[in-house]
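Here is what each chain is made of, one letter per residue.
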Amino acid sequence: MNDPAVQIRCATSQDLPAIERVTAEVFQPVALESLVEQTLGKSDGPGWLSLKMAVTANEITNLPDGCFVAFQDSGVTGFVTNVIFPMARRGYISSLAVRAGFQGRGVGRALVNRSLDYFRSRGLKQAKIDTLVTNQAGRHLYPAMGFQEATQVIHYVMPL
Ligand SMILES: CC(C)(COP(=O)(O)OP(=O)(O)OC[C@H]1O[C@@H](n2cnc3c(N)ncnc32)[C@H](O)[C@@H]1OP(=O)(O)O)[C@@H](O)C(=O)NCCC(=O)NCCS
């Protein structure tokens, strides 16, 4: 990471308001729930941000030593949440985001590296991460870090 002022620590439930602010700021164009909402219109249930935050909160609860925030004096600048699939001996990087004004300084790469180190410390043998075909940052960063493309998926949705 280029900026020594940025540090990484485990995420806790107390970080959720800051994580929600980061999510609201940068995830709308690339969050699956947001794209479903754009496709079908708003449902009468919670919006994309609440749905995504419910998943994020669960992930931090389920893996408290394996989800991380990047922070500096100004507060949380990014986060990553992870899920472990023990049967496949695989770690899954579920959600990764860096505040717009802090992107391009190596924070995203550092959060992924911290996750990979965590997976290794748990004895896992594989790591997985998804990105949209339209996500230029993800499509650059993940292959550059050693991830190989396994497949592409189309998400179909319909109203009931
Ligand atoms: C993806 C994301 C977390 C990367 O965070 P970051 O802190 O900017 O990442 P880094 O600074 O470590 O840089 C990552 C690499 O991506 C490149 N990159 C960043 N934005 C890019 C873009 N729009 N197009 C192409 N490459 C891009 C950087 O140049 C850098 O490459 P390099 O190290 O070879 O120079 C951040 O862009 C983000 O929060 N995006 C919105 C949410 C999102 O897309 N999350 C991931 C979902 S899969």
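The text that follows walks through the structure, step by step, so that each part is easy to find. (Residues numbered from 1 in each chain as written. Predicted model: local features only at pLDDT ≥ 70, side-chain atom pairs only at ≥ 80, totals over all residues.)

### Considering the overall build of the protein
Moving on, step 1. The number of helices and strands found in the protein is five helices and five strands.
Moving on, step 2. Along its sequence from the N terminus, the protein presents helices and strands in the succession β-α-α-α-β-β-β-α-β-α.
Moving on, step 3. Against the globule reference of 15 Å for 160 residues, the protein gives a C-alpha radius of gyration of 16 Å, in line with a compact fold.
Moving on, step 4. By principal-axis analysis of the C-alpha atoms, the protein measures approximately 45 × 35 × 30 Å. (Helix = DSSP H or I, 4+ residues; strand = E, 2+ residues; numbered from the N terminus. Rg over C-alpha atoms; globule rule 2.2 N^0.38 Å.)

### Thoughts on unusual backbone geometry
What is expected of a backbone is that most residues other than glycine have negative phi and most peptide bonds are trans.
Moving on, step 1. In the Ramachandran plot, Arg89 falls in the positive-phi region, its phi being about 50 degrees despite a non-glycine side chain.
Moving on, step 2. Relative to the helices and strands, Arg89 resides in the loop between β3 (75–85) and β4 (90–98).

### Notes on the nonpolar core
Moving on, step 1. With 27 residues, the main nonpolar core has Ala11, Phe68, Ala70, Phe79, Val80, Val107 and Leu111 as its most contacted residues.
Moving on, step 2. Elements supplying a minimum of two residues to this core: α1 (16–26), β2 (68–72), β3, β4, α4 (107–121) and β5 (126–129).
Moving on, step 3. With six residues, α4 is the largest single contributor of residues to this core.
Moving on, step 4. Sequence-distant contacts of Leu111, defined by excluding residues within four places in its chain, comprise Ile8, Phe68, Ala70, Gly78, Val80 and Leu96. (Core = buried A, V, L, I, M, F, W, Y, C linked by C-beta atoms within 7 Å. Buried ≥ 20, exposed ≤ 12 C-beta atoms within 10 Å, placed from the backbone. Contact = placed C-beta atoms within 7 Å.)

### Things to note about α4
Moving on, step 1. Across its 15 residues, α4 extends 21 Å between first and last C-alpha, which sits within 8% of the 21 Å expected from 1.5 Å per residue.
Moving on, step 2. Among the residues making up α4, those that are buried are Val107, Gly108, Ala110, Leu111, Val112, Ser115, Tyr118 and Phe119.
Moving on, step 3. Those residues of α4 that are buried lie in contact with β1 (7–10), β2, β3, β4, β5 and α5 (136–144).
Moving on, step 4. After α4 finishes, the residue Gly123 shows a positive phi value of roughly 80 degrees. (Expected span 1.5 Å × (residues − 1).)

### Observations concerning the site of the ligand
Moving on, step 1. Residues in close proximity to the ligand total 21 residues, the closest being Gln103, Gly108, Arg109, Gln136 and Ala137.
Moving on, step 2. Class assignment of the residues belonging to the shell around the ligand gives a composition of ten nonpolar, nine polar and two charged. (Near = placed C-beta within 6 Å. Nonpolar A, V, L, I, M, F, W, Y, C, P; charged D, E, K, R; others polar.)

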